[in-house]
Amino acid sequence: MDRKWLPLNALRAFEAAGQHLSFTAAANSLTVAQSAVSRHVIVLENFLGVALFERRPQQLVLTEAGRHILPVVSKSFDRIDQALGEVIKEKGRPKRVLKVALPTSFAYRLAIPILRDFRAEHPGISLEIVSKPTAGPEMDGDIDIAIVYTEPRVTDAIHDLLWMVRATILCGPKLLQTIDRSDPAKFIAACDLLHVKLEDRPRHFFWEMLARSIGRPDLAVDRGLVFDTSQLAAQYAILGDGLVLADPLLFAEEIKAGRLVRPFDIWLDEGYGYYLTTHPEDLSNEAVALFRSWLIARFSADKARESESAATEAPGLRAAK
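(A) Layout of the packing of helix H1 (residues 8-20) against helix H3 (residues 34-48). Two elements in contact, H1 and H3, have axes separated by 8 Å at closest approach and are oriented at 110 degrees. The angle between H1 and H3 falls in the class roughly perpendicular. Taken as a pair, H1 and H3 cross one another with a handedness that is left-handed. The segment H1 lies against H3, with Asn9, Ala10, Leu11, Ala13, Phe14 and Ala17 engaging Val37, His40, Val41 and Leu44. The residue makeup of the contact of H1 with H3, split by class, is eight nonpolar, two polar and no charged.

This is how it looks when you write it as structure tokens:
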């Protein structure tokens, strides 16, 4: 589409109407007449050839087309507003700013050194970090780039796999002194189980998978404590109370220091992974494209070093790195 035909005033009116679901409220927010907002929306609908709203008595309802373009329009105006603000603030020499969303445990365990390296290599790009206890497959509208913990799935966003989670049982060393670990099933039955909250899944989802994988689907695993993050669950396990299923790569320091131990050479491929997620339209943003390619290359290099190191170690020592 030729940009000279983009109906910017109509898009502003549509965004306001879509946010308020009322022509009157949209007009008040834009300080224009209600008829002007209605007229601009009609112009946009005629331009697109589709209805963007269902006009119901005392109510506007977005159509499928309206729901599709509203977040894109809002994000585009947000970026224009941000860019103009940066130019004004930096007096003509704005810094490039990326808003990055990270799962809390990932942010604490891996992101800090990684982001420090990125800033050292690319000082002209500023990062605004948002961390959340849980992450789903979708990105909030104001996020430029996100790392999400999810199953493989198809959405409108672009998902680049950084690594698939491979979990194992971790616990504090004190438990090994008090409980017989000759039989994994008996060991699990004798200990508290620590769970990490997972969206749209029962709390014992991964422990149930593990019980099936060792041939003991009868194990009672729907018990114990539930935490928002694997970081909190691991900290509780360090105190010597409970078993946590976690990827040891997130807790390499604790394992190396002996604060966490791996009692069994048992691994669970969860089917979940950490994905770098971006909006397709943002790949034209130089800062987004640079951060995306840099992070993918960084994780690819780390995985290559991990594979080389694991190949030279005895089985079971991978988690101790």
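(B) Main features of H1. Given a rise of 1.5 Å per residue, 13 residues ought to cover 18 Å, and the 18 Å separating the end C-alpha atoms of H1 matches this to within 8%. Of the residues making up H1, those classed as buried are Ala10, Leu11, Ala13, Phe14, Glu15, Ala16, Ala17 and Gly18. Where H1 ends, the next residue or the one after it, leucine 21, has phi of about 50 degrees, a positive value.

(C) Quick look at the environment of alanine 101. Structurally, the position occupied by alanine 101 is in strand S3 (residues 96-103). The class of alanine 101 is buried, set by a relative accessible area of 11%. It is 8.2 Å that separates the C-alpha atoms of alanine 101 and aspartate 144, two residues lying 43 residues apart in sequence. Ignoring anything within four residues of it in the chain, the contact list for alanine 101 reads Val130, Ile143, Ile145, Ala146 and Ile147.

(D) View of the packing of aromatic side chains. Here the structure, examined in full by the defined rule, presents 15 aromatic pairs. Here a set of aromatic residues connected by ring pairs shows up, and it is made of Phe106, Tyr149, Trp163, Phe205, Phe206, Tyr272, Tyr274 and Phe299.

Rules of the game
Residues numbered from 1 in each chain as written. Predicted model: local features only at pLDDT ≥ 70, side-chain atom pairs only at ≥ 80, totals over all residues. Heavy atoms only, no water. Axes fitted to C-alpha atoms, helices over the stretch in contact; angles between N-to-C directions. Helix = DSSP H or I, 4+ residues; strand = E, 2+ residues; numbered from the N terminus. Parallel < 35°, antiparallel > 145°, perpendicular 65-115°, else oblique. Left-handed = near helix turned anticlockwise from the far one by under 90°. Contact = heavy atoms within 4.5 Å. Nonpolar A, V, L, I, M, F, W, Y, C, P; charged D, E, K, R; others polar. Expected span 1.5 Å × (residues − 1). Buried < 20%, exposed > 50% of the residue type's maximum accessible area, 1.4 Å probe, protein only. Phe/Tyr/Trp six-rings, centres within 6.5 Å; stacked < 30°, edge-to-face > 60°.

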